[in-house]
Amino acid sequence: MGATGAFASILNDPGTWARKDPAGLLGRIETLPDQCEEGWRNAAALRVPDSYASARELVIAGMGGSAIAGDMLRSIAMRSARKPVYVVRGYDMPAFVGPETLVIACSHSGNTEETLSGFQQALAAGAMGFAITVGGELAELARRSNVPVFNYTYDGEPRSALGHQLMALLALSERVGLLGGQEAAVREAISLMREQQLHIGSAIAVAENRAKQLAIRLHGRIANVVGAGVLTEAAHRWKTQLNENAKCWAMWEELPELDHNSIEGFGLAAEVVPLLHVVFLYHEVLGARMQRRYDATAHEYEIAGVSHERIETGGATPLAQLLTSVYFGDLTSFYLGMLNNIDPSPVPAIARLKARLAEP
């Protein structure tokens, strides 16, 4: 049996998940549509003071898996909202944060030190505050400060709680007038992800499963995921999921920006070229000009000898386009983790680093 056949045997065997995924990450990935549905239903209870609608801008504070939902909201808002949305990954708030700013602290655990630091600064500056968390220090800080808290219940990794966090942010954006009604977009995204599961879910064999096939092509290689428009943040999510679920190197790029710098470095170092594989995330809504740019950029990769392929996403709304692309990437990252023979759920390097930082 060749390497491809051996990999197919691994990915077609239901016993693989039980042996290599004892914490059940696959189930949390596959049920993202259900999580989004539950999250949206729970977010109906979300309430904010009427005064929050007067916010001049929104700042979302978060790290890692708890920040990506903010990136997605920012990407969607850029296309329709008249108020800017910023995402802060770090300890410090921007200097402009003040009484006219709505600062949303998003931390799954509620104990993320960077997010807590930034939120404390925002509240000290008189900003309007809101917290999204399962609990922890963030919930306590918000309650002590008389700031609204949206608590959700979820037993899983921060990166797996995307549906709860994103649905809460969408509902909050409705309440403060940043975005119009999101019900139709949410329903479309959920429906399309459920349809995807019939084609790329774990029960679908490699021969008919494009996500499993892509995982095989990525094995032993470095993925460079490219997106444009709203799909830029999908590319970002792919990169981080490949890092955490497959425990491998990955990169992400944005079009058209990469055409103004990165293309000059495609060919060197020559030893790296055979190890690269580029994944273009695409939707026809990006338009004819961007289609030409995708084609021209792919040609430059070909000249450099770098393999590539295109994954087309679905949906009529930016939210559906984002989430269907994310769903494909999340599953691909899990399948690659299986091929890498690792337990995809724990993040030991991150845990080691946090423990080191906690030392006196």
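Predicted, not measured: the structure shown is a model, and the values here were computed from it.

This next bit is on the overall build of the protein chain. For the protein chain, the count of helices and strands is 14 helices and 9 strands. Relative to the 2.2 N^0.38 estimate, which gives 21 Å for 360 residues, the radius of gyration of the protein chain is 21 Å and therefore close to what a compact globule would have. Along the three orthogonal principal directions, the C-alpha set of the protein chain runs to about 65 × 45 × 45 Å. Looking at the protein chain as a whole, 52% of its 360 residues are labelled buried. Expressed as a percentage of contacts within the protein chain between residues at least 6 apart in sequence, the contacts between residues at least 24 apart total 77%. Within the structure as shown, the protein chain displays about 15500 Å² of accessible surface, and the carbon and sulfur contribution to it stands at 55%. Charge centroids of the protein chain, computed over 31 positive and 39 negative side chains, lie 2 Å from each other.

Relative to the 21 Å expected for 15 residues at 1.5 Å per residue, helix α11 (residues 232-246) spans 21 Å between its end C-alpha atoms, a close match to the ideal helical length. Among the 15 residues that make up α11, 12 are buried, leaving the element largely enclosed by the rest of the structure. By the burial criterion, the buried members of α11 are T232, E233, A234, A235, H236, R237, W238, Q241, L242, E244, N245 and A246. Residue K247 follows α11 closely and has a positive phi angle near 55°.

Reading across the sheet, the 4 strands line up as β7-β6-β8-β9 and stay open at both edges, with parallel pairing between neighbours. The open sheet is flanked by β7 (250-255) and β9 (307-312), the only strands paired with a single partner. Averaged over all pairs of adjacent strands, the angle between their axes in this sheet comes to 25°, without regard to strand direction. Relative to β9, strand β8 (residues 276-282) runs parallel, the two sharing 6 bridges. Paired with L281 across the two strands is I311, which belongs to β9. Packed on one face of the sheet, α11 meets β6 (222-228), β7, β8 and β9 and runs near 175° to β7. In the packing of helix α12 (residues 288-304) onto the sheet, contacts are made with β6, β7, β8 and β9, and the angle to β8 comes to roughly 175°.

For the bond from L255 to P256, the omega torsion is 10°, close enough to zero to count as cis. Tracing the backbone shows P256 in the loop between β7 and β8. Within the chain, K247 stands out as a residue other than glycine whose phi angle is a positive 55°. Relative to the helices and strands, K247 resides in the loop between α11 and β7.

The subject of this paragraph is the sheet that holds strand β3 (residues 101-106). Reading across from one edge, β2-β1-β3-β4-β5 is the order of the 5 strands in this open sheet, with parallel pairing throughout. Only two strands of the sheet have a single partner each, and these edge strands are β2 (85-88) and β5 (149-151). When the angles between neighbouring strand axes are averaged without regard to direction, this sheet yields 15°. Packing of helix α5 (residues 68-77) onto the sheet brings it into contact with β1 (57-61) and β2, and relative to β2 it is tilted by some 160°.

With respect to the helices and strands, Q182 occurs in the loop between α8 (162-175) and α9 (183-200). For Q182, a relative accessible area of 10% corresponds to the buried category. Linking Q182 and T16, residues 166 residues apart in sequence, is a C-alpha distance of 38 Å. Here Q182 is in contact with W40, L170 and E174, once residues within four sequence places are set aside.

What counts as what
Residues numbered from 1 in each chain as written. Predicted model: local features only at pLDDT ≥ 70, side-chain atom pairs only at ≥ 80, totals over all residues. Heavy atoms only, no water. Helix = DSSP H or I, 4+ residues; strand = E, 2+ residues; numbered from the N terminus. Rg over C-alpha atoms; globule rule 2.2 N^0.38 Å. Buried < 20%, exposed > 50% of the residue type's maximum accessible area, 1.4 Å probe, protein only. Contact = heavy atoms within 4.5 Å. Areas by Shrake-Rupley, 256 points an atom, 1.4 Å probe, with all protein chains shown as cover. Lys, Arg positive; Asp, Glu negative; His and termini not counted. Charge placed at Lys NZ, Arg CZ, Asp CG, Glu CD. Expected span 1.5 Å × (residues − 1). Pairing = 2+ DSSP bridges. Axes fitted to C-alpha atoms, helices over the stretch in contact; angles between N-to-C directions.

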